[in-house]
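A look at the structure
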Amino acid sequence: MNPIVEFCISNLASGSYKTFETLDRDPNLDVLEYGCLSYCTKCAESLYAIVNGEVVQADTPEELTERIYQFIEDNPLF
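Residues numbered from 1 in each chain as written. Predicted model: local features only at pLDDT ≥ 70, side-chain atom pairs only at ≥ 80, totals over all residues. Heavy atoms only, no water.

For the protein chain, the name recorded in an unreviewed UniProt entry is YuzB family protein, with Sporosarcina siberiensis as its organism.

Spelled out as structure tokens, the structure:
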């Protein structure tokens, strides 16, 4: 089973789309996009994604990509 990374469409528009594109090309990840993930405060404050049910935040798309991969490495599914 692949790690699941979920993005809010509003946050994609705010700048996390570069991260989405990068992760979507990774065949070892399941990357999903939703209309809203109900994390509006986090969405307004920073870039974020939900990784296996946990929020991962960053200030830049590059940092978000790095933090997501680090989170996956630090929290394996098995």
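That covers the picture; the talk isn't over yet.
Below, the discussion takes up unusual backbone geometry. The phi dihedral of Ser38 is positive, around 65°, even though this residue is not glycine. Exposure remark for Ser38: the relative accessible area of 63% places this residue in the exposed category. (Buried < 20%, exposed > 50% of the residue type's maximum accessible area, 1.4 Å probe, protein only.)

One finds Val5, Phe7, Leu23, Val51, Leu64 and Ile68 to be the most contacted residues of the largest nonpolar core, which totals 16 residues. Among the elements of the structure, strand 1 (4-8), helix 1 (9-24), strand 3 (47-51), strand 4 (54-58) and helix 3 (61-74) are those that each provide at least two residues to this core. It is helix 3 that provides the largest number of residues to this core, a total of 4 residues. In this structure Ile68 touches Val5, Phe7, Thr19, Leu23, Ala49, Val51 and Val56, once residues within four positions along its chain are discounted. Formed by 5 residues, the second largest nonpolar core is a distinct cluster that contains Leu37, Cys43, Tyr48 and Ile50. (Core = buried A, V, L, I, M, F, W, Y, C linked by side-chain atoms within 4.5 Å. Helix = DSSP H or I, 4+ residues; strand = E, 2+ residues; numbered from the N terminus. Contact = heavy atoms within 4.5 Å.)

With 16 residues, helix 1 extends just 14 Å between its outermost C-alpha atoms, more than 12% less than the 22 Å of an ideal straight helix rising 1.5 Å per residue. Its axis deflected by about 100° at Gly15, helix 1 carries its strongest bend there. Taken residue by residue, helix 1 has Asn11, Leu12, Ser16, Thr19, Phe20 and Leu23 as its buried positions. Of the surrounding secondary structure, the elements contacted by the buried residues of helix 1 are strand 1, strand 2 (30-34), helix 2 (40-45), strand 3 and helix 3. (Expected span 1.5 Å × (residues − 1). Bend = angle between axes of the 7 residues up to and from the residue.)

Inspection of the entire model under this criterion finds 2 salt bridges. Of the charged contacts, one joins Glu62 and Lys18 as a salt bridge, the two residues approaching to 3.5 Å between their closest N and O atoms. With a gap of 44 residues between them, Glu62 in helix 3 and Lys18 in helix 1 connect regions that are remote in the sequence. Under the relative-accessibility criterion, Glu62 is labelled partly exposed at 49%. Between Glu63 and Arg67 there is a salt bridge; the shortest N-O distance is 2.6 Å. Taken together, the residues Glu63 and Arg67, both in helix 3 and 4 residues apart, mark about one turn of the helix. For Glu63, a relative accessible area of 23% corresponds to the partly exposed category. (Salt bridge = Lys/Arg side-chain N within 4 Å of Asp/Glu carboxyl O.)

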